[in-house]
Amino acid sequence: MMEYLLKSMLCLVLLLLIHRLFLQREVMHQFNRFFLLGAVVFSFLIPFNSIEVAAEKEEITYSEFSESDFSNEFVLPEHSLLPETISVETAKTPDQAFPWNEVFWGIYSLITLVLLIRFIRNIKVLMDQVQQNLKVTYKGMTLVLLPKASLPYTFLKFVFVSKTDFENGGLADAIIEHEYTHVKEGHSYDIIFLEALLIPFWFHPGLYLAKQAIRLNHEFIADQKALKTTSLHSYQKMLLALASQEVRFSLVSNLNFSLTKKRLKMMKQQSNPFQKWAKLLVMIPVLGALVYVFSEKVTAHQEKEKAEQEEVFKSTEIDEGFTLKSDGSFVYQNENYQLSQLPGILEGLDKENTIINIIASSEVKMGVIQDFQRILRETGVNKVKYQSSTGEIQLAATKVFNLAPIVNNKERDQYYKNATFFVENESGDLEEKSYQMLSDEEKKMLSFFPVAPGASSPTLEEFESFKNPEDFAVWLDGKHIQNSELEMVKYSQIVHVFNSFVHANARSEKFPQDHQVHLYTEEGFEKTYGASSGFGEPLTKGDKLYLYPAENRVNRGKPWVKDAKSAVSVYQEMNDKYEKFRKVEPHFIQRSEEEQQKLQAQFSELGSLYFRIPLELKGTVSRPIHPFAPYLKLESDGNVYYKLAEDLTAEEKSQLPPPPSVSKDKVEAYHQLFLKYEWIRMEGRRYSNKTQEERAYMYELYNAMQDQYMAMNPIQRRQVKRVNYPFIPLNENGHLTFKVVDELTPEQRAFSGC
């Protein structure tokens, strides 16, 4: 919107400048009138105009389908110990952000309302004068006789004159002809049109300049007619005698408007016909250039891509619909089939010219869709469409995807060989395995292989729909933005778009929209998926994948938490294993570095699970115990060492974060922790400048506040302010580190959903 208004303003100002320099001095006032009115109208319309510009020819490729399109569960960030309300480095939390947007619209609405009231009041005052005063018909005009001395002026079909001047014959024929011209030409409608536009666009400088130019041109027209009834000298002398009088209505045409040297000079101006036509001819390319400059540029490849996509459906290709059911069966041509029958059906189809339309409801598990896709790949059918059985997926319902090819075993082995796997056994326990320990069936579950997506620019219609905050949550270059911020982005700048439908059971309070849209500019796309981005590089030992063969499901970064109650059982189960390993002799501080890192990693993962347990269920479990307890972890000159609390020196005690307060006044204790936390958080302002020690200290304070908050009753909780932890906890080589979003690698961003 801002770009449109700036274009409109600049376009009108340039058109008025052209009029001022080339047309105003010429005696062609009727042309100038419609040029000025047309300039106002077209300055609002030209920015809407689209012009197709040439673009380099690109090979159109189908988008690779991502499994997340039909994921029934939103995967939380890996090792995240934070609640949903996490904020990043430069973002303010909702209760901190000053509502500039509301203030701006409030001021705009107030000024617009005042101007609207003024506009209506001016019309009412003039119409009251018409109703309350004597009216007479004189030389084909309706004169309104005013009781007080007044300069003649015109509004609509009425000419307002002084009753005394009329009765004493003080109205010269030239003045009557001047006002009659305003009535006959309908000049009042031009003024009303401009005044009405200035109500919502009161900030538009071009409209004020246009109003001045149009009213002056009205006077040129009326003066030209009046001079046919009297001499130039007499008319000018008559106007100068009336120059001291004033009319205080913005909607009327009055006799002495802009009575300047320019207007007096124009009365005797003569135009050279050849010069006049030459200027008009020069105007044609000038106006053409303005239309080109201020129109919206649309690259040819976007229209071509859309046309080629439509051609897919108009060609010989056949659309075959398959409706998937939650039990693994499917419906084809109104008949029920089992998945084992799918290869036989596909063998009877023309694989080169068939598009498979996969229809699935939110109840269909991802594993069912993956099995269906696997059979399509194995039989050589690759072109598919996806839509919800309820018609929920609108934008992607007609888009054709190419299924990713079957992963080459060598490439798969290379990608996954260093990762850590946890496989659910028949009893429901998670067994840790290396890639080499996985069975062939378990390896087949790893069908997804990251491939950098190709360019896929949105259409203008799609881009405009993304501005609706009710339907779309939007990310630009990996960073979540408000939908209104798209007003500052040209849709032609977007080189890649990924729009996924979010099922009802996967939506969150923070992102309740039906769709999540990821947009990338050329710079952001290169940074995320380019050659130097690291995207698609083999996984490391720190990358954890959780396999659930019974559900044919793979989770990356964290275990699958099926519901709120199972979150407690999963945590309790992992905590029992952790405690058993932690209590094995020798103590943590005497173990090898490898075992210490393993214990630290388990503790970090437990913390992630603990903070995802709903608040009302946290009281049923205990927090994970540090692996080095009862010792305390200290650091000096970059070296880490451990000591018991009773052995600490005064200097070492000063390094420790304050313990949770045992004060009876829980609210006051929370406030004390809050003040310390905020003091450190605000110091230096920029989170990225803080050391790992400061981030860890903030984390300890944050956890202490969470404990204090949980100890409060509902009434006490309403008296305090919750805080967000601005860093993302990550486990790197067995050590807990804290990073802001800008410090994350592309892989870490993907894990964390940033």
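Fair warning: this is a prediction, and the values are worked out from it, not measured in the lab.

S.K.: Quick question: what am I supposed to make of the overall build of the protein here?
M.R.: Within the protein one finds 24 helices and 26 strands. Residue burial in the protein is summarised as follows: out of 754 residues, 44% are buried. Pairs at least 24 apart in sequence give 69% of the contacts found in the protein among residues at least 6 apart. Counting every atom, the protein has about 40,300 Å² of accessible surface; 56% of that belongs to carbon and sulfur.

S.K.: I would appreciate a short explanation of a positive patch on the surface in the present structure.
M.R.: Positive charge collects at one region of the surface, where Arg20, Arg25, Lys265 and Lys268 lie side by side. On the secondary structure map, arginine 25 appears in the loop between helix H1 (2-23) and helix H2 (29-45). Under the relative-accessibility criterion, arginine 25 is labelled exposed at 55%.

S.K.: Sorry, what's going on with helix H10 (residues 273-294) here?
M.R.: Each α-helix winds once per 3.6 residues, and so residues spaced three or four apart point in a common direction. Compared with an ideal rise of 1.5 Å per residue, which puts 22 residues at 32 Å, H10 spans 32 Å between its outermost C-alpha atoms and is within 8% of the ideal. Along H10, the residues that are buried comprise Lys279, Leu280, Met283, Leu290 and Phe294.

S.K.: So what exactly am I meant to see when it comes to the environment of methionine 712 here?
M.R.: Mapped onto the fold, methionine 712 is located in the loop between helix H22 (692-711) and helix H23 (714-717). Relative accessible area serves as the criterion here: at 5%, methionine 712 is assigned to the buried category. Along the primary structure methionine 712 and lysine 666 are separated by 46 residues, whereas in three dimensions their C-alpha atoms are 6.5 Å apart. With near-sequence residues (within four places) excluded, methionine 712 lies in contact with Lys666, Val667, Tyr670, Arg717 and Val720.

S.K.: What is the right way to read the packing of helix H6 (residues 187-197) against helix H7 (residues 205-226) from this model?
M.R.: Two quantities define a packed helix pair, namely the angle between the axes and the distance from one axis to the other. Interhelical geometry of H6 versus H7 gives an angle of 175° and a closest axis separation of 10 Å. In terms of orientation, H6 lies roughly antiparallel with respect to H7. Residues His187, Asp190, Ile191, Leu194, Glu195 and Leu197 of H6 lie in contact with H7, whose contacting residues are Leu207, Ala210, Lys211, Ile214, Arg215, His218 and Ile221. Here the contact of H6 with H7 is composed, by residue class, of seven nonpolar, two polar and four charged.

S.K.: Can you help me understand the pattern of salt bridges in this one?
M.R.: Side chains that differ in charge, positive against negative, can pair when their charged atoms come close. For the structure shown, the criterion picks out 12 salt bridges. For glutamate 195, the salt bridge identified is with lysine 211, shortest N-O distance 2.2 Å. With glutamate 195 in helix H6 and lysine 211 in helix H7, the pair connects residues that are 16 residues apart, well separated along the chain. Classification of glutamate 195 as buried rests on a relative accessible area of 7%. Judged by relative accessible area, lysine 211 falls into the buried class, the value being 17%. A salt bridge links lysine 467 to glutamate 464; its shortest N-O distance comes to 3.1 Å. For lysine 467, a relative accessible area of 18% corresponds to the buried category. Residue classification places glutamate 464 among the partly exposed residues on the basis of a relative accessible area of 40%. Among the ionic contacts, a cluster of salt bridges with common partners joins Arg33, Glu185 and Asp190.

S.K.: Help me understand the sheet that holds strand E16 (residues 430-434) in this model?
M.R.: Hydrogen bonding along the main chain pairs the strands of a sheet, whether they run parallel or antiparallel. Here we have four strands laid out as an open sheet, ordered E16-E15-E21-E22, and mixed in their pairing. Since the sheet does not close on itself, it has two edges, and those belong to E16 and strand E22 (553-556), each with one partner. Taken pair by pair, the neighbouring strands of this sheet meet at an average axis angle of 25°, ignoring direction. Strand direction decides the pairing type here: strand E15 (residues 420-424) and strand E21 (residues 544-548), joined by four bridges, are parallel. Considered in E21, the bridge of phenylalanine 421 is made with leucine 545.

S.K.: How should the nonpolar core be read in this particular structure?
M.R.: Soluble, globular proteins show a tendency: their nonpolar side chains are buried together. Judged by nonpolar contacts, the single largest core of 28 residues is most densely connected at Val40, Leu194 and Leu207. Every element with two or more residues in this core is listed here: H1, H2, H6, H7 and H10. Here the element with the most residues in this core is H1; it accounts for nine residues. Setting aside chain neighbours within four positions, we find leucine 207 in contact with Leu12, Val40, Phe44, Leu194, Leu197, Leu198 and Phe201.

S.K.: What am I meant to see in the packing of aromatic side chains here?
M.R.: Scanning the model with the defined rule gives 27 aromatic pairs in all. Between the aromatic rings of phenylalanine 322 and phenylalanine 330, the centroid separation amounts to 5.7 Å while the plane-to-plane angle is 50°, which identifies the pairing as tilted. Between the aromatic rings of tyrosine 670 and tyrosine 709, the centroid separation amounts to 6.4 Å while the plane-to-plane angle is 55°, which identifies the pairing as tilted. Here the residue tyrosine 670 occupies a position in helix H21 (residues 666-682), and tyrosine 709 occupies one in helix H22, the gap between them amounting to 39 residues. Each member of the pair, tyrosine 670 as well as tyrosine 709, carries the same accessibility label: buried. Cluster of aromatic residues (ring-pair linked, three or more members): Phe44, Phe104, Trp105, Tyr108, Phe201, Trp202 and Phe203. In this structure, lysine 443 is placed above the aromatic ring of tyrosine 435, and the distance from its NZ or CZ to the ring centre is 4.5 Å. Against the face of phenylalanine 581 rests arginine 591, its NZ or CZ located 5.0 Å from the ring centre.

S.K.: Before we go on, may I ask you to explain the confidence of the model for the protein in this structure?
M.R.: As a note on interpretation, predicted positions should not be read in detail where pLDDT is low. On average, residues of the protein score 75 in pLDDT, and 76% of them reach the 70 mark or higher. For the stretch residues 56-96, pLDDT sits under 50, and the model shows 121 contacts to residues farther than four places along the chain or on other chains. Throughout residues 389-398 the model reports pLDDT below 50, and contacts reaching past four residues in sequence, or to other chains, amount to 24 contacts.

S.K.: Where do I start with the pairing of strand E17 (residues 472-476) in this structure?
M.R.: Consecutive side chains along a regular strand alternate between the two faces of the sheet. Taken across its five residues, E17 has five buried, putting it largely inside the fold. Taking every second residue as pointing to the same face, both faces of E17 are buried, with Phe472, Val474 and Leu476 on one and Ala473 and Trp475 on the other. Sheet topology note: the E17/strand E18 (residues 479-481) ladder contains three bridges and is antiparallel. Across the sheet, residue leucine 476 finds its bridge partner in E18, namely lysine 479. The antiparallel hairpin formed by E17 and E18 contains two residues in its connecting segment, where aspartate 477 sits at a positive phi of about 55°.

What counts, and where the lines are drawn
Residues numbered from 1 in each chain as written. Predicted model: local features only at pLDDT ≥ 70, side-chain atom pairs only at ≥ 80, totals over all residues. Heavy atoms only, no water. Helix = DSSP H or I, 4+ residues; strand = E, 2+ residues; numbered from the N terminus. Buried < 20%, exposed > 50% of the residue type's maximum accessible area, 1.4 Å probe, protein only. Contact = heavy atoms within 4.5 Å. Areas by Shrake-Rupley, 256 points an atom, 1.4 Å probe, with all protein chains shown as cover. Patch = residues over 30% accessible without salt bridge, like charges linked within 9 Å, V, L, I, M, F, W, Y side chains within 5 Å. Salt bridge = Lys/Arg side-chain N within 4 Å of Asp/Glu carboxyl O. Lys, Arg positive; Asp, Glu negative; His and termini not counted. Charge placed at Lys NZ, Arg CZ, Asp CG, Glu CD. Expected span 1.5 Å × (residues − 1). Axes fitted to C-alpha atoms, helices over the stretch in contact; angles between N-to-C directions. Parallel < 35°, antiparallel > 145°, perpendicular 65-115°, else oblique. Nonpolar A, V, L, I, M, F, W, Y, C, P; charged D, E, K, R; others polar. Pairing = 2+ DSSP bridges. Core = buried A, V, L, I, M, F, W, Y, C linked by side-chain atoms within 4.5 Å. Phe/Tyr/Trp six-rings, centres within 6.5 Å; stacked < 30°, edge-to-face > 60°. Lys NZ or Arg CZ within 6 Å of the ring centre and 35° of its normal. pLDDT = per-residue confidence, 0-100.

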